[in-house]
Amino acid sequence: MTDVLETPSRPIADPAPSALVLLAHGSLDARSRESTLALARAVGRSRAIRVEAAFLRHAEPTARQALHTLAEDGHEQVVVVPLLLTSAYHARVDLPEALSEPPARAPIVTPVLGGASGAPDERVVRALRRRLAELGMEFDAVVLAAAGSSDLGAHAAVTATASALGAELDLPCRAAFASTTPPTPGEAMEQLRRDGARRIAVASFCLAAGLLYRVTADASTAAGAVGVTQPLGDAPELVELVLERFHGAVSGAAAGHLRSQAAGAEEAVG
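Every residue gets a number counted from 1 within its own chain, in the order that chain's sequence is written. Local features are withheld for residues below a pLDDT of 70 in this predicted model, meaning they are given only at 70 or higher, and side-chain atom pairs are given and counted only at 80 or more; totals for whole chains, interfaces and linings count all residues. In computing side-chain values, all of the structure's heavy atoms are included and hydrogens and water are not.

(A) The arrangement of the sheet that holds strand β1 (residues 19-24) in detail. The sheet built from four strands is open, its strands ordered β2-β1-β3-β4 with parallel pairing. Pairing within the sheet leaves two strands with one partner each, and these edge strands are β2 (51-55) and β4 (108-109). With five bridges connecting them, β1 and β2 associate as parallel partners. Counterpart to Ala24 in the pairing with β2 is Phe55. It only takes one pair of heavy atoms within 4.5 Å for two residues to be counted as in contact. In this analysis an axis means a line fitted to C-alpha atoms, helices contributing only their contacting stretch, and an angle means the value between N-to-C directions, from 0 to 180 degrees. In this text, helices come from DSSP runs of H or I with a minimum length of four residues, and strands from runs of E with a minimum of two, each type numbered from the N-terminal end. Where helix α1 (residues 30-47) meets the sheet, its contacts fall on β1, β2 and β3 (78-83), and the angle it forms with β2 comes to roughly 160°. Being paired, for any two strands, means DSSP has found at least two bridges between them.

(B) Representation of the sheet that holds strand β7 (residues 200-204). Judged by pairing direction, the sheet is parallel, and its four strands sit side by side in the order β6-β5-β7-β8 without closing on themselves. The open sheet terminates on both sides in strands that have one partner only, identified here as β6 (173-177) and β8 (227-228). With five bridges joining them, strand β5 (residues 141-146) and β7 adopt parallel strand pairing. Bridged to Val143 within β7 is Val202. This element, helix α4 (residues 122-133), spans β5 and β7 of the sheet and lies at about 130° to β7.

(C) Fine view of the pairing of β2. The element β2 is largely enclosed, with a buried count of four among its five residues. A right-handed crossover is one whose linking path, passing over the helix from the first strand to the second, runs clockwise when the strands point away from the viewer. Crossover handedness for the path β1 to α1 to β2: right-handed. Exposed residues in this analysis have more than 50% of their type's maximum accessible area, buried residues have under 20%, and partly exposed residues fall in between, with area computed by a 1.4 Å probe over protein chains only.

(D) Highlighting the pattern of salt bridges. Here, a salt bridge means any side-chain nitrogen of Lys or Arg that lies within 4 Å of a carboxyl oxygen of Asp or Glu. All chains considered together, the criterion is met by 16 salt bridges. Between Arg131 and Asp234 there is a salt bridge, with the nearest N and O atoms lying 4.0 Å from each other. You can see Arg131 sitting in helix α4 and its partner Asp234 sitting in the loop between β8 and α8 (236-269), a full 103 residues away along the chain. Relative accessible area serves as the criterion here: at 35%, Asp234 is assigned to the partly exposed category. Between Arg174 and Asp195 there is a salt bridge, and its shortest N-O distance comes to 3.4 Å. Residue Arg174 is found in strand β6, and its partner Asp195 is found in the loop between α6 (185-194) and β7; the two are separated by 21 residues along the sequence. Overlapping salt bridges, with partners in common, bring together Asp121, Glu122, Arg123, Arg126, Glu240 and Glu244 in one network.

(E) Examining α6 more closely. Here α6 has its buried residues at Pro185, Ala188, Met189 and Leu192. All buried residues of α6 project into a common sector of 100° when viewed along the axis, lining one side. Those residues of α6 that are buried are in contact with β5, β6, β7 and α7 (211-222). Following α6 by one or two positions, Gly196 adopts a phi angle in the positive range, close to 110°. Throughout, the arc means that of the directions going from the helix axis to the C-beta atoms.

(F) Fine view of the environment of Arg245. For Arg245, the position within the fold is in helix α8. The class of Arg245 is buried, set by a relative accessible area of 13%. When the C-alpha atoms of Arg245 and Val112 are compared, they prove to be 9.1 Å apart, with 133 residues separating the residues in sequence.

(G) Region of interest: the confidence of the model for the protein chain. One confidence number per residue, pLDDT, is output by the predictor and ranges from 0 to 100. In this model, the protein chain carries an average pLDDT of 86, and 85% of its residues clear a pLDDT of 70 or more. The low-confidence segment residues 1-14 (pLDDT under 50) makes zero contacts with residues lying over four places distant or belonging to another chain. Considering only residues more than four positions removed or in separate chains, one finds that residues 256-266, a stretch of pLDDT under 50, has zero contacts.

(H) Representation of empty space enclosed by the protein within the structure. In this analysis the probe radius is 1.4 Å and the grid spacing 1 Å, with only protein atoms considered; a cavity is a set of points the probe fits into but cannot get out of, a pocket is an open set with protein on both sides within 12 Å along at least five of seven lines, and lining residues have an atom within 4 Å of a point. Grid points are joined across faces, edges and corners, and a volume is the space filled by probe spheres set on the points. By the definition in use, this model includes one cavity of 30 Å³ or more. The space that makes up the largest cavity amounts to roughly 60 Å³. Around the largest cavity, the lining residues are Leu67, Leu70, Ala71, His75, Glu76, Val78, Pro102, Pro103, Ala104 and Arg105. The element contributing the most residues to the lining of the largest cavity is helix α2 (residues 63-72), with three residues. Throughout, the ten residues Ala, Val, Leu, Ile, Met, Phe, Trp, Tyr, Cys and Pro are labelled nonpolar, Asp, Glu, Lys and Arg are labelled charged, and all others, Gly among them, are labelled polar. Along the lines of polarity and charge, the residues of the lining of the largest cavity split into seven nonpolar, one polar and two charged.

(I) Expanded view of α2. Within α2, the full set of buried residues consists of Ala63, Ala66, Leu67 and Leu70. Projected onto a plane normal to the axis of α2, the buried residues spread over an arc of 95° and lie on a single side. Backbone geometry just downstream of α2 places Gly74 in the positive-phi region, at approximately 90°.

What follows is the structure in C-alpha cells.
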C-alpha cells in the first residue's frame, strides 16, 4: 500500500474589516495636510476603524497610494469619503480620475460632506456655528466665505448653507466667495452694513487651511470683520458626519450583497 503524504492545510485568513479613506483636496500649505490628518485621527478614535488620509493634489499619499496600502493589508472593502463641501469640479472630475484603476476591488465612494442635492447637512451648519462661538465675541451678522466655483450647483449649495446658518443663528448671513464669482467677503460685508449690521463675523466654509483660506481671512480682516473663524477641521460634527457616511456605505454594500445572493438562489431554484 502506498502511503499518502498529507500536506497540512493553511488556514485562510479572514479579510480585514472595512477601511476608510478620507480624500481631501490638498494644499501647498502644510497646515492643510495636518488638519486632514487630525480629522482622520479623530474619526479613528471614535469608532476604532482603520482610517487613511489621502489627497487629490499637492500632498501625499495619493488616493491610489492609500488604496494600495489598504489592499496590501487585506482590506477588501474600502469606503472613500470625499472631504469636499460641494459637488463642483473636484468632485465631478478630479475625484473619479483619482479613483480610476484601483489596485484591488473598487472602493465605495460616498457623497461629499456638503449634503445631497445641494441641501446643507445640519452637521455642517452646527460645525460652522461651533467655530463662530469659538471666536468669543458678539456679532450681529455673518458672512459665509467659500472658495468659489463656476459651477452653478456649488454656488447654490454655498448660498443654501448661508441661509441655513443664518436661520440657525437668527441673524443675517450672506454667502461670499474668494474667487471666480461675486460677491467677495468685503462686498458681502458692505451689503450687510447697508442693511444695518455693525459687527460682522466671517465664517470660513473651508475644511482646512490653505491659500484661499489665508486670502479670505486677510481680506475679511482688512474689510473690518470682527473675527474670522478657523476652518472646520476636526469639529466633532464632522467626525459624526464622516462616520455616518462610512457606516451607511458599509450597510448599503452588505444589503446589496444579500440581495444578489437571494436573486442567485432564486435563479438556481428556477
